[in-house]
Amino acid sequence: GAVVKCYDTLIEKVKQYLYIIRNNRIGKVYLANNDYSKALEYYENAIAICNSKFVKNHSLTFMTINNIAECYYEKGDFNNSLDYYNQLLTIKEYNWGNSDLAIICNNIAKTYFAMGDYDKSLDYCNRLLKTRQSKLGDGLPDMVMIYNNIAGVYCVKGKYKEAIEHYKNALKIR
């Protein structure tokens, strides 16, 4: 009775989990082939299950929303991409030390950069830099990426002195 019901419930959860992963992986294949509408179709199927079966901050929900944002970015639809990345910020805001959050902020900065909004890109880079430094110090490998990204934005803005300063900071990290 109760054991069988519990086991059946567990099997159903595993099936849902695998279905979400399957749809995300198929979506990635379509994304790699620049078939954005097909990729989004699979991601949307996955997110529908995530939204109905899992809590908002479940790792599968995070992964799927990130994949949707990435798909819109690759498609050149930066506004939709930002909408989905911002959804991720509301999910992960409570844990700034989390590497997922570093990825989100970096992707938002990258999206603003692609849109030509260098000030907003720089804002997200600096936000990430300050939070990572305060939580984890300055010697982590991902700090090299952050310093390089900030330097790249300064280069595009023609602020070479600031760019060199951040490139030097990146070089100090081993």
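Residues numbered from 1 in each chain as written. Predicted model: local features only at pLDDT ≥ 70, side-chain atom pairs only at ≥ 80, totals over all residues. Heavy atoms only, no water.

Novice: Teacher, can you tell me more about the overall build of the chain here?
Specialist: Within the chain, the secondary structure is distributed over eight helices and zero strands. The N-to-C order of helical and strand elements in the chain reads α-α-α-α-α-α-α-α. Principal axes of the C-alpha set define a box for the chain whose edges measure 70 × 35 × 25 Å. With the model as given, the accessible surface of the chain reaches about 9700 Å², and the carbon-plus-sulfur share is 54%. Side chains of the chain give 23 positive and 18 negative charges; the mean places of these two sets differ by 4 Å. (Helix = DSSP H or I, 4+ residues; strand = E, 2+ residues; numbered from the N terminus. Areas by Shrake-Rupley, 256 points an atom, 1.4 Å probe, with all protein chains shown as cover. Lys, Arg positive; Asp, Glu negative; His and termini not counted. Charge placed at Lys NZ, Arg CZ, Asp CG, Glu CD.)

Novice: Even after reading the chapter, I still don't get the side chain of Asn106, so can you show me in this structure?
Specialist: Within the secondary structure, Asn106 is located in helix α5 (residues 99–115). A relative accessible area of 16% means that Asn106 is categorised as buried. Within the structure, the side chain of Asn106 is placed 2.6 Å from the side chain of Asn149, a separation counted as a polar contact. Look past the residues within four positions of Asn106 in its chain and what remains in contact with it is Leu128, Met145 and Asn149. (Buried < 20%, exposed > 50% of the residue type's maximum accessible area, 1.4 Å probe, protein only. Polar contact = N/O pair within 3.5 Å; in protein donor to acceptor, adjacent residues only side chain to side chain. Contact = heavy atoms within 4.5 Å.)

Novice: Please clarify how helix α2 (residues 36–53) should be interpreted in this entry.
Specialist: Residues three or four positions apart in an α-helix share a direction because the helix packs 3.6 residues into each turn. With 18 residues, α2 ought to run about 26 Å at 1.5 Å a step, and its terminal C-alpha atoms sit 25 Å apart, in line with that. Of the positions making up α2, those classed as buried are Tyr36, Ala39, Leu40, Tyr42, Tyr43, Ala46, Ile47, Ile49 and Cys50. As for α2, its buried residues are in contact with α1 (2–32) and α3 (59–75). (Expected span 1.5 Å × (residues − 1).)

Novice: Is there a simple way to explain the packing of aromatic side chains in this structure?
Specialist: Centre distance and the angle of the planes are the two values used to describe a pair of aromatic rings. Per the counting criterion, the structure on display carries five aromatic pairs. Considering the side-chain rings of Tyr73 and Phe78, the 5.3 Å spacing of their centres and the 55° angle between planes classify their relative orientation as tilted. The exposure class of Tyr73 is buried, given its relative accessible area of 17%. Ring geometry for Tyr112 and Tyr124: centres 5.9 Å apart, planes at 25°, overall stacked. Remark: Tyr124 occurs in helix α6 (residues 118–136) and Tyr112 occurs in helix α5; sequence separation between them is 12 residues. Considered together, Tyr112 and Tyr124 belong to a single accessibility category, that of buried residues. Directly above the aromatic system of Tyr73 lies the positively charged group of Lys110, at a separation of 4.2 Å from the ring centroid. (Phe/Tyr/Trp six-rings, centres within 6.5 Å; stacked < 30°, edge-to-face > 60°. Lys NZ or Arg CZ within 6 Å of the ring centre and 35° of its normal.)

Novice: Would you mind showing me how to read a nonpolar patch on the surface here?
Specialist: On the surface, Tyr7, Leu10, Ile11, Val14, Tyr17 and Leu18 cluster together into a nonpolar patch covering about 570 Å² of accessible area. Inspection of the secondary structure assignment puts Tyr17 in helix α1. Tyr17 gets classed as partly exposed once you look at its relative accessible area, which sits at 38%. (Patch = residues over 30% accessible without salt bridge, like charges linked within 9 Å, V, L, I, M, F, W, Y side chains within 5 Å. Salt bridge = Lys/Arg side-chain N within 4 Å of Asp/Glu carboxyl O.)

Novice: What should I look at first to understand unusual backbone geometry in this one?
Specialist: As a rule of thumb, non-glycine residues mostly have phi less than zero, and peptide bonds are mostly trans rather than cis. Phi at Asn34 is positive, roughly 60°, even though this residue is not glycine. Mapped onto the elements, Asn34 comes out in the loop between α1 and α2. Overall, Asn34 belongs to the exposed group, its relative accessible area being 51%.

Novice: Looking at this model, I keep getting lost on the side chain of Ser121. Mind explaining?
Specialist: Mapped onto the secondary structure, Ser121 falls in helix α6. Take Ser121: its relative accessible area is 1%, and that puts it in the buried class. Among residues more than four places away in sequence, those in contact with Ser121 are Ala109, Tyr112, Phe113 and Val153.

Novice: Would you mind showing me how to read the packing of α2 against α3 here?
Specialist: The axes of two packed helices give the description: the angle between them and the distance between them. One way to put it is that α2 packs onto α3 with a least axis distance of 9 Å and a crossing angle of 160°. Looking at the two axes, α2 sits roughly antiparallel to α3. Here the hand of the crossing between α2 and α3 comes out left-handed. Mapping the contact onto sequence places Tyr36, Ala39, Leu40, Tyr43, Glu44, Ala46, Ile47, Cys50 and Asn51 in α2 and Leu60, Thr61, Thr64, Ile65, Asn67, Ile68, Cys71, Tyr72, Glu74 and Lys75 in α3. (Axes fitted to C-alpha atoms, helices over the stretch in contact; angles between N-to-C directions. Parallel < 35°, antiparallel > 145°, perpendicular 65-115°, else oblique. Left-handed = near helix turned anticlockwise from the far one by under 90°.)

Function cannot be inferred from these measures alone, as they are strictly geometric.
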